[in-house]
Each structure stands twice: as C-alpha cells, then as structure tokens.
Amino acid sequence: PNAVRGKVLGPKGSYVRHIEAESGVRLQLIQGLPETPPADGSVPQEVLIIEITAQSQERLDHAKGLAESLVSSVKQRVASGQ
C-alpha cells in the first residue's frame, strides 16, 4: 500500500501537485481499511482514496480526469512490476 501511495504521489509529490496546479483543486490521499468489511468474510485490504476538493464542478471534473489517468498509469506500472 505505501509503495502504491508513493507511485500516486510521484517524486516529491510532483504528480499530485501537478493535478492541483493544472485544475485548481486540492487533493488529499487517504489510506486505510475500508469502512465495510468484505461480504465474503475475507481479510480486508487497505484502500487508497483520492479526495478532491474543488470550488466548481468544472474544476472537479478536470481533476477527476487527471486523477483517473494517473491511477490507470500506476495500476499498469504495478502490474508490470515497476
């Protein structure tokens, strides 16, 4: 989980800062266990939530698109072992 958090943040937080600067929003990464345990009774895995605070729907939508692209890229890197 911490490795994924680091990949989302980027070097010295540069990826998150880029999204904030590009879209005029505030991002916060929240890491922890899900509030609801898995229905199948398995051990819950930690989750990483990207919380976006924006002053307009337009800024929120822009930041959401950038964040989704970042998460997609991180998932691909993790899957390939990078």
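Residues numbered from 1 in each chain as written. Predicted model: local features only at pLDDT ≥ 70, side-chain atom pairs only at ≥ 80, totals over all residues. Heavy atoms only, no water.

### Thoughts on the confidence of the model for the protein chain
In the predicted model, the protein chain carries a mean pLDDT of 92, and 99% of its residues have values of at least 70. Across the protein chain, the secondary-structure element scoring lowest on mean pLDDT is helix 1 (residues 2–9), at 90, and the one scoring highest is helix 2 (residues 14–23), at 97. (pLDDT = per-residue confidence, 0-100. Helix = DSSP H or I, 4+ residues; strand = E, 2+ residues; numbered from the N terminus.)

### A closer look at unusual backbone geometry
Even without being glycine, K12 reaches a positive phi, approximately 55°. Residue placement: K12 occurs in the loop between helix 1 and helix 2. Exposure remark for K12: the relative accessible area of 79% places this residue in the exposed category. (Buried < 20%, exposed > 50% of the residue type's maximum accessible area, 1.4 Å probe, protein only.)

### Considering the environment of E22
Along the chain, the position of E22 falls in helix 2. When near neighbours in sequence (up to four residues on either side) are disregarded, E22 contacts H62 and L66. (Contact = heavy atoms within 4.5 Å.)

### Regarding helix 2
All of the buried residues in helix 2 are V16, I19, E20 and S23. What you see down the axis of helix 2 is that its buried residues fit within an arc of 95°, all on one side. Where the residues of helix 2 are buried, they touch helix 1, strand 1 (26–32) and helix 3 (57–79). Following helix 2 by one or two positions, G24 adopts a phi angle in the positive range, close to 70°. (Arc of directions from axis to C-beta.)

### Topic: the pattern of salt bridges
Under the definition given, this model contains one salt bridge. Across the pair E20 and R26 runs a salt bridge, and its minimum N-O distance is 3.0 Å. Using a relative accessible area of 53% as the deciding quantity, one classes R26 as exposed. (Salt bridge = Lys/Arg side-chain N within 4 Å of Asp/Glu carboxyl O.)

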